[in-house]
Structure formats: structure tokens, C-alpha cells
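Here are the chains, one letter per residue:
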There are 2 protein chains.
Amino acid sequence: MSDAPIGVFDSGVGGLTVLKALAGELPGEQFIYLGDTARLPYGTKSPETVSRYAVQAAEALASYDIKALVVACNTASAASLPAIREKLKGMPVIGVIEPGADAACRVSKTGNIAVIATEATVRGGAYQEAIQRLRPDARVSARATQLFVALAEEGMHEGPIAESVARHYLTSLFALPGAPSGAGAAPSALVPGGAVPAVPDTLVLGCTHFPMLAGAIRAAIGTRVRIVDSAATTAKAVRDRLGSLLRASPARRSSVRFLATDSPERFARVGSRFLGQTIAPSDVELIDL
Amino acid sequence: MSDAPIGVFDSGVGGLTVLKALAGELPGEQFIYLGDTARLPYGTKSPETVSRYAVQAAEALASYDIKALVVACNTASAASLPAIREKLKGMPVIGVIEPGADAACRVSKTGNIAVIATEATVRGGAYQEAIQRLRPDARVSARATQLFVALAEEGMHEGPIAESVARHYLTSLFALPGAPSGAGAAPSALVPGGAVPAVPDTLVLGCTHFPMLAGAIRAAIGTRVRIVDSAATTAKAVRDRLGSLLRASPARRSSVRFLATDSPERFARVGSRFLGQTIAPSDVELIDL
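Scoring rules and cut-offs
- Numbering of residues begins from 1 in every chain and follows the order in which that chain's sequence is written.
- Here every chain gets a letter starting at A, and every ligand a number starting at 1, in the order they are written.
- At least 70 in pLDDT is required for a residue's local features to be given in this predicted model, at least 80 for side-chain atom pairs to be given and counted, and no such filter applies to totals for whole chains, interfaces and linings, which use all residues.
- Think of the side-chain values as coming from all heavy atoms in the structure, minus any hydrogens and water.
- Contacts: residue pairs with any heavy atoms within 4.5 Å of one another.
- Here the quantity called buried area is the accessible surface, traced with a 1.4 Å probe, that two parts lose on coming together, added over both.
- What counts as a salt bridge is simple: a side-chain nitrogen of Lys or Arg found within 4 Å of a carboxyl oxygen of Asp or Glu.
- Throughout this description, a polar contact denotes any pair of N or O atoms lying within 3.5 Å of each other; where both atoms belong to protein, one of them has to be capable of donating a hydrogen while the other can accept it, and for residues adjacent in sequence the pair is counted only when both atoms sit in side chains.
- Put simply, DSSP marks the helices as runs of H or I at least four residues long and the strands as runs of E at least two long, and each gets a number from the N terminus on.
- Put simply, buried Ala, Val, Leu, Ile, Met, Phe, Trp, Tyr and Cys residues joined by side-chain atoms within 4.5 Å make one nonpolar core.
- Between buried and exposed lies partly exposed: a residue is buried under 20% and exposed over 50% of the maximum accessible area for its type, with that area taken using a 1.4 Å probe on protein chains only.
- Between any two strands, at least two bridges found by DSSP are needed for them to pair.
- In this analysis an axis means a line fitted to C-alpha atoms, helices contributing only their contacting stretch, and an angle means the value between N-to-C directions, from 0 to 180 degrees.
- Segment limits for the domains were obtained from an automatic or database-derived domain assignment.
- All amino acids are sorted into three groups, where Ala, Val, Leu, Ile, Met, Phe, Trp, Tyr, Cys and Pro are nonpolar, Asp, Glu, Lys and Arg are charged, and the leftover types, Gly among them, are polar.
- The fit set for superposing copies consists of C-alpha atoms from residues with pLDDT of at least 70 in both; the fit itself is least squares.
- By the definition adopted for this analysis, an angle is roughly parallel if under 35 degrees, roughly antiparallel if over 145, roughly perpendicular if from 65 to 115, and oblique otherwise.
- Left-handed describes a crossing whose near helix is turned anticlockwise from the far helix by less than a right angle; the clockwise case is right-handed.

## Here's the deal with the interface of chain A and chain B
Next, step 1: Contact with chain A, which involves 31 residues of that partner, is made by 31 residues of chain B.
Next, step 2: For the pair chain A and chain B, the two sides together bury roughly 2300 Å², of which 49% comes from carbon and sulfur.
Next, step 3: Linking chain A to chain B there are six salt bridges.
Next, step 4: As a salt-bridge pair, Glu265 of chain B and Arg123 of chain A come within 2.8 Å of each other at their nearest N and O atoms.
Next, step 5: On inspection of chain A and its partner chain B, the count reaches 16 residue pairs in polar contact (both at pLDDT 80 or more).
Next, step 6: When residues of the side of chain A that touches chain B are traced back to their parent elements, those giving at least two are α2 (47-62), α5 (119-124), α7 (147-153), α8 (160-170) and α11 (264-275) of chain A.

## Thoughts on the nonpolar core
Next, step 1: Leu16, Phe148 and Leu170 of chain A together with Leu16, Phe148 and Leu170 of chain B are the most contacted members of the largest nonpolar core, which totals 153 residues.
Next, step 2: Ignoring any residue separated from it by four or fewer positions in sequence, one finds Phe148 of chain B in contact with Ile116, Val165, Ala166, Tyr169, Phe210, Leu213 and Ile217 of chain B.

## So, unusual backbone geometry
Next, step 1: Here the amide bond leading from Leu40 of chain A into Pro41 of chain A is cis, since omega sits at -5°, within 30 degrees of zero.
Next, step 2: Considering the arrangement of structural elements, one finds Pro41 of chain A in the loop between β2 (30-35) and α2.
Next, step 3: Although it is not a glycine, Asp65 of chain A adopts a positive phi angle of roughly 55°.
Next, step 4: Locating Asp65 of chain A in the fold gives a position in the loop between α2 and β3 (68-71).
Next, step 5: Its relative accessible area of 59% is what places Asp65 of chain A among the exposed residues.
Next, step 6: Phi is positive for Ser263 of chain B, close to 30°, though the residue is something other than glycine.
Next, step 7: Looking at the element boundaries, Ser263 of chain B is found in the loop between β9 (255-260) and α11 (264-275).
Next, step 8: For Ser263 of chain B, a relative accessible area of 17% translates into the label buried.

## Comments concerning the sheet that holds strand β2 (residues 30-35) of chain B
Residue and element names in this part refer to chain B.
Next, step 1: Reading across from one edge, β4-β3-β1-β2-β9-β10 is the order of the six strands in this open sheet, with parallel pairing throughout. Pairing within the sheet leaves two strands with one partner each, and these edge strands are β4 (93-95) and β10 (284-286). Across the sheet, the mean angle separating the axes of adjacent strands is 20° when strand polarity is ignored.
Next, step 2: Sitting on the sheet, helix α10 (residues 230-242) is in contact with β1 (6-10), β3 (68-71) and β4, with an inclination near 160° to β4.

## A short note on the domain arrangement of chain A
Bring the parts together and some accessible area is lost; that lost area is often taken as the interface size.
Residues and elements named next belong to chain A.
Next, step 1: When the domains of chain A are assigned, the result is domain 1 (6-95 + 232-286) and domain 2 (98-230).
Next, step 2: Computed over C-alpha atoms only, the centres of domain 1 and domain 2 are separated by 24 Å.
Next, step 3: Listed per partner, the contact involves 24 residues of domain 1 and 23 residues of domain 2.
Next, step 4: Between domain 1 and domain 2 the total buried area reaches about 1700 Å² when both faces are included, carbon and sulfur atoms providing 56% of it.
Next, step 5: Broken down residue by residue, the surface that domain 1 buries against domain 2 is led by Asn74, Thr233 and Arg273, which jointly contribute 33%.
Next, step 6: For the pair domain 1 and domain 2, the number of links is one salt bridge.
Next, step 7: The closest approach of N and O atoms between Glu153 and Arg266, which form a salt bridge, is 3.1 Å.
Next, step 8: Remark: the boundary between domain 1 and domain 2 carries 13 residue pairs in polar contact (both at pLDDT 80 or more).
Next, step 9: Going through the elements one at a time, α1 (16-25), α3 (74-87), α10 (230-242) and α11 are the ones with two or more residues in the side of domain 1 that touches domain 2.
Next, step 10: Grouping the amino acids of the side of domain 1 that touches domain 2 by side-chain chemistry returns ten nonpolar, ten polar and four charged.

## Focus on the relation of the copies chain A and chain B
Related by rotation about an axis and a shift along that axis, the two copies of the chain form a pair.
Next, step 1: Between chain A and chain B, the superposition needs a rotation of 180° and an axial shift of 0.0 Å, giving an RMSD of 0.0 Å. Look at the turn and shift together and you get a two-fold axis relating the two. By C-alpha distance to the rotation axis, the residue of chain A lying nearest is Arg39 of chain A, at 2.6 Å.
Next, step 2: In this assembly the copies share their binding face: 100% of the residues contributing to the interface of chain A also contribute to that of chain B.

## A closer look at the sheet that holds β2 of chain A
Two orientations exist for strands paired in a sheet by backbone hydrogen bonds: parallel and antiparallel.
All names here are of chain A.
Next, step 1: With parallel pairing, the six strands of this open sheet are ordered in space as β4-β3-β1-β2-β9-β10. Two strands close off the open sheet at either side, each with one partner strand: β4 (93-95) and β10 (284-286). Between one strand and the next, the sheet's axes are offset by a mean angle of 20°, whatever the strand orientation.
Next, step 2: Inspection of the sheet shows strand β1 (residues 6-10) paired to β2 by five bridges, in the parallel sense. Residue pairing for β2: Ile6 is matched across the bridge by Phe31.

## Quick notes on the environment of Val270 of chain B
Residue and element names in this part refer to chain B.
Next, step 1: On the secondary structure map, Val270 appears in helix α11.
Next, step 2: Given the relative accessible area of 2%, Val270 is considered buried.
Next, step 3: Put simply, Val270 and Gly12 are 258 residues apart on the chain and 9.7 Å apart in space, counted from C-alpha to C-alpha.
Next, step 4: The contact partners of Val270, leaving out residues within four places of it in the chain, are Val13 and Glu153.

## As for the packing of helix α2 (residues 47-62) of chain B against helix α3 (residues 74-87) of chain B
Residue and element names in this part refer to chain B.
Next, step 1: Where α2 contacts α3, the two axes come as close as 8 Å, and the packing angle between them is 55°. One finds that α2 runs oblique with respect to α3. When you trace α2 past α3, the crossing you get is right-handed. The segment α2 lies against α3, with Pro47, Val50, Ser51, Ala54, Val55, Ala58 and Glu59 engaging Thr75, Ala76, Ala79, Ser80, Ala83, Ile84 and Lys87.

The following block contains the structure:
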């Protein structure tokens, strides 16, 4: 059983940032990565649709005799973990939201935490709930930063345009110079008791595309804010959770098998940037869900 | 038969720019608009997948007893018109590419025409072929400007960021100041005989989202270039094509029924901007394809 692969699922190529962290944290493991590229993005879809698609993808990965499933997509984690666990009874299923929320609660000094994510993730409130469950005194503000997804996919994740977009989204969230007055209370701020929040000291990148934009985000918000990238924290959570299910002698290098529901060529081209190493189109198998 | 509605299909809300033009050109007609919002965007998908989805959508619209179908999506028009016509035997099916290509050939003085569109439309080469079929001396250069879609959907279609993105994409296509030398020959330029092309005098907006960005595009390329928006030209083509199938006495106002495959709330919110008038979420029917 410990020789079985670990399934990794995302709506597209964003989850490759999580796969990269997993391969670093769990040397010698085999991975099967499925990107549902025919139906991406999930981030603008309703929770019902996301959950239906994610369950189909999880069942497809389960048919490859995986020992565990990592849902490497914030939107799918927010919408579908209970439904996936119900389908894959007994199999460890790890999402990216709990590990990210946990890391944010640990690194934040003030408990004032900002989350940026897709529309669907923000609207669903999963990060806000997960953070406040772990740290009831936390003040969480969240903002959908949908254009970051397109910038990352388009390879425009750094430079003046990416930095302008980062300022556009983050100025009011962090009350940066140029923000309208009273802008500390972002549109979807959840502030118990209605107190005016101080500026967040921690920013959660609540979408697997966003680590690509870390430089532009850092340029916008400065160096004082702690940035939590759920890829690294999820990889550690997977290691802790799997324990004895991991390979005993990880002498071999990690190996990955790539599956996609559309265009292996595009998966390889865009995905190589996210993984940080070249994927050949011929290494990507086209499957139908 | 002339009282039957006209079906209008798009991958999402972009086609509402075409619907708006149709309603203006064909007063008194009834329209049924279907946005396949659960599976958008089509612009990054393979032609096979786009064609499969578009045929399903066309069949769904045909079940509403429409008298004609307008494929108000450039990507779907490029990939699926023959397959849709095969399925809907005998029904007039009008796409947006031929009308746009025709208009470009008529307004261009030099025959040097630039096309901007989604990745899938550019890669498929449908505009390039349609233009050169109508005007064999034309020189066509095409560029995918994928981020325009996200900017339009996000409501960031005007202002400094939209203008920066427009300059990013269009500088080399139009050899604008700041373009690298020799940049007149854009990446996907089709130049018969290998001659160095002069700067295009006409720009085709080959995606139904792009009319939203006309101001930012104009700011980037200046006032001399003619911009062809296929929405208006398609509406005229539909009027010419349908002729006696149109209502004889168009005294009534146009009416529209909206169908979407996901989130009526988002369709209404984002779609209102594209249609230029408010759509209520309760006016959008959720259907499954």
C-alpha cells in the first residue's frame, strides 16, 4: 500500500505549485496529477457545480489505486471535501484550506488576517470559517482577486502590470497609501463587534495560482506583512497525515504522471511555469471525465 | 414561423454584446440567449472540446423551437459551425467570424489587417482564412490577448491597468513606440512572400468581450486604425440572412429569455455590464447541458 501513488487534483495547472511542494517534502513518492483543464476555471462557478466536477475527478483518480488524495485547489477544497470524503470512504483526503488557515493563525501576531482567493472561495467563506474556528479572536478580511489567475496563466505574473493589479486589489485591504478613507474595512471584512480593524499583518494566498505572483504582491504590500502560501503548508500536512502510508525508503526520486481533461499541449506549456520545470506535451495523458 | 425566437449562443456573457446589437438591428424579435457559463471559457480549450460543447448548446437551443441560431462566440464559431449546421439541418446558423472578416476587408484601405482574439481562435486561424478568402491580397497578423477577457469580466475594462495591458499586447502588432525593432511582424503574422508588412490600418476585435475594452484599445493604438467590432456586423448579417423569416410588423419591443448553465447571480451581475442594461438574477434560468 505504501508503494501506491498519491493522487493530486486541481481544476487546472495551479495545483502544480502544490505538487512541487509535495515532491520536495515527500521524496520518493509517486504522484498522479489530474488537471480538469476542460472545465477550468472553478473559481467563478457555483459551489454545486464545483462539487459535482470535483467528485468526478476524485473518482477518476481513485481508479488509479491511489493511497491518498490531495485536493490542490482552494475552490474545490472549499466546496467539495465532505462530498469527496463521502465517495472515497476510508481514503485520506487532504485539502489546502485547513493547512493554510492553520499556518496563518500561527504566524499572525495580531490575529488580523487577510485572505485573497477566487470569487467562489471568498464567497463560500471557507477560509474565514477555518481561521475563526482555529483562532476565535481572529479578524479576517477577504477579497476576490480574480485577475491574478489570468495573469499567472498568461505568464504576466511579474512586472509593472502585475504590480499595478496587485496594488488595485490590495490597496484598500491593507490601507495602503492611495486607499480611500475607512478603506481598512474591506468589502467582505468580517469584524466581530464592528470594531474598525487594524491593518492585517498576514496575507493568505488562497489560490494555488497566487504563489506565482508573490513578487508583485510583495511589491504592493511591502515587507512587513507575512505571506502564507498554502502549498508548502499543505505538503507538511500531507506528510503528517500519511505517516506510515509513506514509502519506508525514499531512495528513488519522486515521479509524476500527468492527466488532463483538455489540450496536453497547453497543460505542458502553461504548467511548466507553475511546476518550475519542463513538462513535455507527450507526458500528459488526455482523459475524459 | 416568423414568430419563433432567434437563438443566441455564447460560452458566457460576452455574446451579450452581440445580443445588444441584434436587438437594435431587429426590433420586435424574440431572443433566447444561452450562456454556457459552467464550462467557460472556451477560448483556452481545444477545438474538439469547444465543438462538442457548442453542439450540445446548439441542440439545447433548438429544443426551444428557434427559427435561427446565432453563434455569438468567436471561439465557437471558429471551431464548430460545420458540426452545428450538420446537427441542425436546414436551420440558418450564423457565426460571428464571416461578418467580422467581411467588414474588415471592406474598411481596410491597405489590406493590412490585425486580429486580436482568444488563444483558441488565433490558433485555429479562422479569421486569417476568412479574410484571405475574401481578399487574397490581404496581409493578416493575429495575436491572442487572453487577459482582455478577464479584464472585461472583472469590470476592469477601462482605466490605467486596461490601457497598460492594451499597450502590452498591441505595441508590437502596430509597431507603436516602444516596440522592439522589426516588431511589425507579430508572432503569428501571415505574410505571403515574406515581405515586411506595413502597420495594419484595421483591427478586428475577434472576441465578443473585446468591445468592452474599445476605449483602452483606442488609447493604445491611436485614432487612425479602424476598429471592426463583429457584433454590429453580425447583427446586419443576421438581418440579411433571415429576410422573410423576420417578423413582418415589428411593433413590439424585442424580448429576451436568458438561460445559463451556472450561477444566474453571476450571469446577471457580470452580464448587465455587457448588455448595457440590468439583468435580474430571477430572469436567468439555470439549465443543464
